[in-house]
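Reading the structure
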Amino acid sequence: MEYFVGDKEYFKGIGKIKFEGKGSDNPLAFRYYDANKKIGTKTMAEHLRFATAYWHSFCANGADPFGSPTMSFPFANKDPMVEAMAKADAAFEFFTKLGTPFYCFHDADVSPMSDDAKTYEQNYHKVAAVLLQHQKETGIKLLWNTANAFSHPNFMNGAATNPDFAVVSRAALQVKNCLDVNVMLGGSNYVFWGGREGYMTLLNTDMKREREHLGRFMVMARDYGRSIGFKGNFLIEPKPMEPSKHQYDYDAQSAIAFIKDFGLEHDFKCNIEANHATLAGHTFAHDLQVCADNNMLGSVDANQGDAQNGWDTDEFPSNVYETVSAMLVILRKGGLESGGLNFDAKRRRNSTDLEDLFIAHIGGMDSFALGLEIANKIIEDGKFDAFVKNRYASFDSGNGKTFEKGSMDFASLAALGREAKIVKTSGKQEYLKNLLNSYLFG
Ligand code: XUL
Ligand code: CO
């Protein structure tokens with residue numbers, strides 16, 4: 001079904017994107033993502049739960065610190081509220097034509113911000129009512145929303161961690177409105193990303209106090225959300241830096257420590273972004289695995305960085321090696337549950353054709369579909385799992401098992417070390433990488 005409001009079609013000349021298979025050379029068709037194809041017990045659509053990000057797709061206009069906007073949108077209008085409504089129409093036309101069943105947004109993406117708090121609230125709720133209407137008509141659902149408490153100059157010294165209480169309260173106003181809108185739209189998750197929840201120099205910062213304020217803020221937001229009937233997961237999206245020099249939720253490990261420090265572990269999980277993990281010096285799969293091991297895998301911002309650039313380039317996923325590695329973690333964990341794969345990704349500044357927005361998403365969806373199929377085959381075959389299990393076999397019986405169960409004291413462990421016969425055992429990394437390539441390339 002194609003969907004556009006009234007007689008206004010924004011993405012003219014582009015119809016519903018279809019699966020045409022490997023033989024197709026149509027850039028506006030899927031070659032691997034076949035929504036209804038069963039992989040194990042679920043369809044591809046059920047496994048991957050793709051979401052389109054409002055901000056990159058319908059707000060980012062190609063401006064960067066060195067140049068002006070390069071992209072124009074067919075819904076542009078001088079009146080910001082008229083534009084917001086037209087943008088919502090265009091967004092739902094896009095989701096429907098592309099076939100992403102979910103979407104994500106910041107308050108600032110969908111409705112105009114205002115210095116006047118009341119105007120901000122009124123704008124936001126007016127647009128939210130229109131979003132609800134579109135959701136009902138198309139069946140597209142909200143994966144998560146979030147507050148943009150980092151762009152406005154008010155937040156230059158932080159939002160919940162601002163040294164000025166007045167700003168902390170303004171951030172709370174935004175988060176409250178976002179939670180209200182989330183509940184109205186039936187959102188599955190609510191995200192906190194703290195771009196300015198960090199600091200630039202200790203010379204002007206009381207880090208301990210700021211981190212405690214952030215914890216208090218989240219406890220209060222959790223309690224408010226639950227009181228108005230929000231049943232989904234709250235998610236922290238870690239990122240080590242950019243725009244702050246030091247961000248408090250640096251990576252999955254530190255976000256989980258933060259969640260536990262403030263007693264939030266029953267309500268909070270993580271939203272892992274590939275390019276944030278690599279910025280922290282990890283692989284995407286590493287941060288996913290840390291979450292999986294702690295039962296903290298909430299959702300995923302699916303993108304990729306540039307191997308040479310040390311910043312958040314937010315590219316669409318195209319590296320199938322990475323998508324296989326990610327899907328291995330996700331499948332072994334049992335899936336994304338109420339999370340999804342949100343394309344927090346932007347086309348390059350010089351990809352200026354409107355069809356490039358479709359082509360970019362198609363590439364991301366195909367890359368994850370391939371990742372899913374290959375990871376599923378790897379798990380079904382069981383060769384890697386058997387290898388890893390065998391590597392730890394010394395803990396499956398005898399003294400190793402007693403140690404793991406916690407029924408051995410340290411002196412006994414050390415005494416065993418006196419007699420231990422240590423045999424050199426290869427980790428076989430090269431063999432395993434060759435094996436992985438055989439799944440990727442046959
Ligand atoms: C910034 C980033 C954000 C969050 C939502 O790097 O990833 O877009 O996903 O605020
Ligand atoms: Co993100």
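Just above, that's the structure.
Criteria and cut-off values
- Residues numbered from 1 in each chain as written.
- Chains lettered and ligands numbered in written order.
- Predicted model: local features only at pLDDT ≥ 70, side-chain atom pairs only at ≥ 80, totals over all residues.
- Heavy atoms only, no water.
- Near = heavy atom within 4 Å.
- Polar contact = N/O pair within 3.5 Å; in protein donor to acceptor, adjacent residues only side chain to side chain.
- Areas by Shrake-Rupley, 256 points an atom, 1.4 Å probe, with all protein chains shown as cover.
- 1 Å grid on protein atoms, 1.4 Å probe; cavity = no way out; pocket = protein on both sides within 12 Å on 5 of 7 lines; lining within 4 Å.
- Sits in = over half its atoms within 2 Å of the grid points.
- Helix = DSSP H or I, 4+ residues; strand = E, 2+ residues; numbered from the N terminus.
- Pairing = 2+ DSSP bridges.
- Axes fitted to C-alpha atoms, helices over the stretch in contact; angles between N-to-C directions.
- Patch = residues over 30% accessible without salt bridge, like charges linked within 9 Å, V, L, I, M, F, W, Y side chains within 5 Å.
- Salt bridge = Lys/Arg side-chain N within 4 Å of Asp/Glu carboxyl O.
- Buried < 20%, exposed > 50% of the residue type's maximum accessible area, 1.4 Å probe, protein only.
- Donors = N, O, S within 2.8 Å, 3.2 Å for Na, K, Ca; no water.
- Tetrahedral: all angles 85-135°; square planar, octahedral: opposite > 155°, others 65-115°.
- Points joined across faces, edges and corners; volume = space filled by probe spheres on them.
- Nonpolar A, V, L, I, M, F, W, Y, C, P; charged D, E, K, R; others polar.
- Disulfide = S-S within 2.5 Å.

Inspection of the region around ligand 1 gives Trp 55, His 106, Trp 144, Thr 146, Trp 193, Glu 237, Lys 239, Glu 273, His 276, Asp 301, Asp 312 and Asp 344 as its neighbouring residues. Between ligand 1 and the protein, one listed contact pairs an oxygen atom with a side-chain N or O atom of Glu 237 at 2.7 Å. If ligand 1 stood free it would expose 290 Å²; the protein chains cover 93% of that surface. Spatially, ligand 1 is embedded in the largest pocket.

Time to look at unusual backbone geometry. Here the bond from Glu 242 into Pro 243 is cis, since omega is 10°, no more than 30 degrees from zero. Summarising the element assignment, Pro 243 is placed in the loop between strand E10 (233–236) and strand E11 (246–247). We note that Arg 49 has phi near 45°; this positive angle belongs to a residue other than glycine. Secondary-structure assignment places Arg 49 in the loop between helix H1 (44–48) and strand E5 (50–53).

Moving on, we get to the sheet that holds strand E6 (residues 102–106). Pairing within the closed barrel is parallel, and its eight strands lie in the order E5-E6-E7-E8-E10-E12-E13-E14. For this sheet, the mean angle separating the axes of adjacent strands, direction not counted, is 30°. Bridging between strand E12 (residues 268–273) and strand E13 (residues 297–301) involves four bridges; their strand directions are parallel. Counterpart to Glu 273 in the pairing with E13 is Asp 301.

Now for a nonpolar patch on the surface. A grouping of Phe 403, Phe 410 and Leu 413 is seen on the molecular surface, where their side chains present a nonpolar patch of about 330 Å² in accessible area. Relative to the helices and strands, Leu 413 resides in helix H15 (residues 410–419). By relative accessible area, Leu 413 is classed as partly exposed at 34%.

Remark: a regular strand shows side chains that alternate across the two faces of the sheet. Within E13, five of the five residues are buried, which leaves the element mostly enclosed by the surrounding structure. Inspection of the sheet shows E13 paired to strand E14 (residues 341–343) by two bridges, in the parallel sense. Across the sheet, Val 300 pairs through a bridge with Leu 341, a residue of E14.

Let's shift gears to the coordination of the cobalt ion (ligand 2). Summarising the metal site, the cobalt ion (ligand 2) is bound by the protein donors Glu 237 (OE), Glu 273 (OE), Asp 301 (OD) and Asp 344 (OD), whose distances to it range over 1.9 to 2.1 Å. Here the cobalt ion (ligand 2) is ringed by six donor atoms whose angles at the metal span 81 to 171°, and the overall shape comes out octahedral. For the cobalt ion (ligand 2), all donor residues lie on one chain, and their spacing in sequence is E-x35-E-x27-D-x42-D. Taken together, the residues Glu 237 in the loop between E10 and E11 and Asp 344 in the loop between E14 and helix H12 (354–381) connect sequence positions 107 residues apart. Residue Asp 344 is classed as buried on the basis of its relative accessible area of 6%.

So, about empty space enclosed by the protein. The full count for this structure, using the stated rule, is four cavities of 30 Å³ or more. Computed from the structure, the largest cavity encloses a volume of approximately 200 Å³. Ala 149, Phe 192, Trp 193, Gly 194 and Glu 197 are the residues nearest the centre of the largest cavity, which is lined by 22 residues in total. Those elements that provide at least two residues to the lining of the largest cavity are helix H6 (165–185), strand E8 (189–192) and helix H7 (207–227). Split into classes, the residues belonging to the lining of the largest cavity amount to 15 nonpolar, three polar and four charged. A volume near 90 Å³ is recorded for the second largest cavity.

The next thing to look at is the layout of surface pockets. Approximately 1,400 Å³ is the volume attributed to the largest pocket. Listed by contribution, the elements that provide at least two residues to the lining of the largest pocket are helix H2 (54–58), helix H3 (80–98), helix H4 (107–110) and strand E7 (141–146). No other element matches H2, which puts three residues into the lining of the largest pocket. Of the residues contributing to the lining of the largest pocket, the split by class is 19 nonpolar, 11 polar and 19 charged. Here the second largest pocket defines a volume of roughly 830 Å³.

It is worth spelling out the state of the cysteines at this point. If you walk through the whole model with that rule in mind, you get zero disulfides. The structure places no disulfide on Cys 104, whose sulfur is separated from the nearest cysteine sulfur, that of Cys 178, by 13 Å. Residue class for Cys 104 comes out buried when judged on its relative accessible area of 0%. In this model Cys 291 remains outside any disulfide bridge; the closest cysteine sulfur is found in Cys 270, 4.0 Å from its own. Given the relative accessible area of 0%, Cys 291 is considered buried.

The tally for this structure, following the rule as stated, stands at 14 salt bridges. For the salt bridge of Glu 93 with Lys 97, the shortest nitrogen-to-oxygen distance reads 2.9 Å. With Glu 93 and Lys 97 both in helix H3 and four residues apart, the pair spans about one turn of that helix. Accessibility classification places Glu 93 together with Lys 97 in one group, the buried group. Note that Asp 381 is salt-bridged to Lys 377, the shortest N-O span being 3.0 Å. Of this pair, Asp 381 and Lys 377 both sit in helix H12, separated by four residues, roughly a single helical turn. By sharing partners, the salt bridges in this structure join Arg 222, Asp 223, Arg 226 and Asp 267 into a single network.

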